[in-house]
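Per-entry structural report
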Amino acid sequence: MPQDPMDFEWSYWIEWGRERILWLLAGHLLVSQMSRLLVEKYKPWCLMVYGMAACWLLLGIKGFAVILLHAAISFAVAQFQLSLLTWLCSLILLSTLHIPAVEETKRKWYDTENEYYLLLFTVSVRCLFCTSFSLEYCWHAPTQKSSHSFPWMLAYVFYYPTFHNGPLVNFDEFSKQMRRQEAFSVKTNLSILVMGIMRIFFWWCLAELMIHLMYIHALYSSALPLESASYWALGGLALAQVLFFYVKYLILYGVPGLLLQMDGLKPPALPCCVSLMHSFTKMWRSFDVGLHRFLVRYIYVPMGGSQSSLLGTLLSTALTFAFVSYWHGGQSYLWYWGALNWLGVIVENGTKRIISISIIQDFI
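Residues numbered from 1 in each chain as written. Predicted model: local features only at pLDDT ≥ 70, side-chain atom pairs only at ≥ 80, totals over all residues. Heavy atoms only, no water.

**Digging into the overall build of the chain**
Using the following cut-off: Think of it this way: any DSSP run of H or I at least four residues long counts as a helix, any run of E at least two long counts as a strand, and we number them from the N terminus. Between the two quantities, the radius of gyration covers C-alpha atoms and the globule rule is 2.2 Å times the number of residues to the power 0.38. Residue burial is assigned from relative accessible area. The probe radius is 1.4 Å, only protein chains are included, and a residue is buried under 20% of its type maximum, exposed over 50%, and partly exposed in between.
The number of helices and strands found in the chain is 16 helices and zero strands. The C-alpha atoms of the chain give a radius of gyration of 22 Å, which matches the 21 Å a tight globule of 364 residues would have. Counting only C-alpha atoms, the chain reaches 60 × 55 × 50 Å along its principal axes. In the chain, which comprises 364 residues, the share counted as buried stands at 46%.

Take a look at the structure:
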């Protein structure tokens, strides 16, 4: 039975995974386990070299140079230890992904659109990693200088399991866990690997069943069936789409998450099932945990967050969603999506504040 071809993200990553990425991830696993077994002290540098080689192999020397240049510029700007300047640099580097002349130049480097898109996706995710490192550099104490050097930045930026699509791990967590040396057990790691592969294989089978039998995205791409469908049918289609999105990210984040575990790191929690969520706030906290931690640590809390005035909370939440919309591409529909999510979070938090007033509590 033919599959629904309309979900670009699923088709794209499955194709790349089968061709090269899964093999490169297997190579990372081999290098990681050998370095943990033989040279634990040098594990970060072994993985850094492997990540750089894998980047060169997939994206070519020009793609590798772009990512290295982004890291070098971010590190140079971070030397001023000014958070505002670091953010300005990050936004400028991110904006270069959407300059038509730059896009055309990068397209000419590759034979296919898929190769260009791989560079685009990789650089956009690397921008977040560079931002995390640079802000941690701005905040670090002089005694932490050795763990905030340029080699550590490269080890973080070129860490291969999270290289192309995440999940996002903040530098403070990555550095702390990567420098920690633990007892290595081949038997324990092997059991983690086998159980992890079994879970991911089950999720992949479920996703393939959904993509071959349900045709959710094909229905959404045609106006005629949507116009003739009842509201209940439209609601069912919407639920089916977000459930497929959930299963898809169990796989896309589950594979790198398993490798993080094998490397002795703690990956961000996998997405929480969307059927268990009833609020915008829980959705943002529980679906992409790595991105949520990034947004809270580097945007929401520094801008005042929930500890500031009502206006400050509104502003810090708005800036958080504005950045998410811009990072995802900045198209008009993404701004609407971000605004609606911001409104949902504000209404929920406002309702909680009203309900917490003693008079309202007594009335309830």
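Additional details are given in the paragraphs that follow.
**Examining the UniProt feature "transmembrane region" (unreviewed entry) in the chain**
Using the following cut-off: UniProt positions are given in the numbering used here, feature names are shortened, and annotations may be inferred rather than shown by experiment.
UniProt records the feature "transmembrane region" (unreviewed entry) for residues 20–39, 51–78, 84–102, 114–135, 150–169, 190–211, 231–252 and 310–328 in the present numbering. Taken end to end, residues 84–102 is 79% helix and 0% strand, and its first and last C-alpha atoms sit 25 Å apart.

**Comments concerning the packing of helix α3 (residues 83–95) against helix α14 (residues 310–327)**
In a packed pair of helices, the relevant descriptors are the angle between the two axes and the axis-to-axis distance. Quick reminder of the rule: The axes are straight lines fitted to the C-alpha atoms, using for helices just the contacting stretch, and the angles between their N-to-C directions are given from 0 to 180°. Each angle is binned into one of four classes, with values under 35 degrees roughly parallel, values over 145 roughly antiparallel, values of 65 to 115 roughly perpendicular, and all other values oblique. In this description, contact between two residues means that some pair of their heavy atoms is separated by no more than 4.5 Å.
Across the interface, α3 lies against α14 with an axial gap of 11 Å and an inter-helix angle of 30 degrees. Taken together, α3 and α14 sit at an angle that is classed as roughly parallel. In this structure, α3 contributes Trp87, Leu91, Leu94 and Ser95 to the contact, and α14 contributes Phe323, Tyr326 and Trp327.

**Some thoughts on the nonpolar core**
Stated precisely, the cut-off is as follows: Take the buried residues of types Ala, Val, Leu, Ile, Met, Phe, Trp, Tyr and Cys, join any two whose side-chain atoms come within 4.5 Å, and each joined set is a nonpolar core. Here the bounds of each domain stem from an automatic or database domain assignment.
In this structure, Leu59, Phe158, Phe174 and Phe323 are the most contacted members of the largest nonpolar core, which totals 92 residues. There are two domains that each give this core at least three residues, and those are domain 1 (8–180) and domain 2 (269–363). Those residues within four positions of Phe323 in sequence are excluded, and the remaining contacts are Trp87, Leu91, Leu94, Leu128, Phe294, Leu295 and Ile299.

**As for the packing of aromatic side chains**
The test is simple: Note on aromatic pairs: the rings of Phe, Tyr and Trp (six-membered ring only in Trp) are paired at centre separations within 6.5 Å, and the planes decide the class, stacked below 30 degrees, edge-to-face beyond 60, tilted for the rest.
Enumeration according to the criterion identifies 35 aromatic pairs in this entry. Between Tyr50 and Tyr160, the ring centres sit 6.4 Å apart and the planes meet at 85 degrees, which makes this aromatic pair edge-to-face. In this pair, Tyr50 sits in helix α2 (residues 43–78) while Tyr160 sits in the loop between α6 (150–157) and α7 (171–179), placing the two residues 110 residues apart along the sequence. Exposure class is identical for Tyr50 and Tyr160. Each is buried. Taking 5.6 Å as the distance between ring centres and 65 degrees as the angle between the ring planes, the aromatic pair formed by Phe75 and Tyr137 counts as edge-to-face.

**Focus on unusual backbone geometry**
The step from Gly166 to Pro167 runs through a cis peptide bond, and the omega angle for that step is 5 degrees. Backbone geometry at Gln81 places phi at a positive 55 degrees, although glycine is not the residue there. Looking at where Gln81 falls in the secondary structure, it is placed in the loop between α2 and α3. When its relative accessible area of 38% is taken as the criterion, Gln81 is described as partly exposed. Located in the positive-phi region is Tyr215, a residue other than glycine, with phi close to 55 degrees. Here Tyr215 shows up in the loop between α8 (186–213) and α9 (216–220).

**Examining the side chain of Ser147**
To keep it simple, the criterion reads: Any pair of N or O atoms that falls within 3.5 Å is considered a polar contact. Within protein, one atom must be able to donate a hydrogen and the other to accept it, and sequence-neighbouring residues count only if both atoms are side-chain atoms.
On the secondary structure map, Ser147 appears in the loop between α5 (113–139) and α6. With a relative accessible area of 8%, Ser147 lands in the buried category. A distance of 3.2 Å separates polar atoms of two side chains, one belonging to Ser147 and the other to His148.

**So, the pattern of salt bridges**
Put simply, the rule reads: Here, a salt bridge means any Lys or Arg side-chain nitrogen found within 4 Å of an Asp or Glu carboxyl oxygen.
For the structure shown, the criterion picks out seven salt bridges. For Arg297, the salt bridge identified is with Asp172, shortest N-O distance 3.7 Å. Of the two residues, Arg297 is situated in helix α13 (residues 289–300) and Asp172 in helix α7; the sequence distance between them amounts to 125 residues. Given a relative accessible area of 21%, Asp172 falls into the partly exposed group. The closest approach of N and O atoms between Glu173 and Arg293, which form a salt bridge, is 3.6 Å. One end of the pair, Glu173, is in helix α7; the other, Arg293, is in helix α13, and 120 residues separate them in sequence.

**A closer look at the domain arrangement of the chain**
We count it as follows: Accessible area, probed at 1.4 Å, shrinks when two parts are joined; the buried area is that loss added up over both.
Entries for the chain in the domain assignment read domain 1 (8–180) and domain 2 (269–363). For domain 1 versus domain 2, the separation of C-alpha centres amounts to 27 Å. Contact residues are listed per partner, giving 18 residues for domain 1 and twelve residues for domain 2. Summed over both partners, the interface of domain 1 with domain 2 buries about 1,400 Å², with 66% contributed by carbon and sulfur atoms. Our count for the domain 1 to domain 2 interface comes out at three salt bridges. Note that Arg297 and Glu136 form a salt bridge whose closest N and O atoms lie 2.6 Å from each other. Linking domain 1 with domain 2 are five residue pairs in polar contact (both at pLDDT 80 or more).

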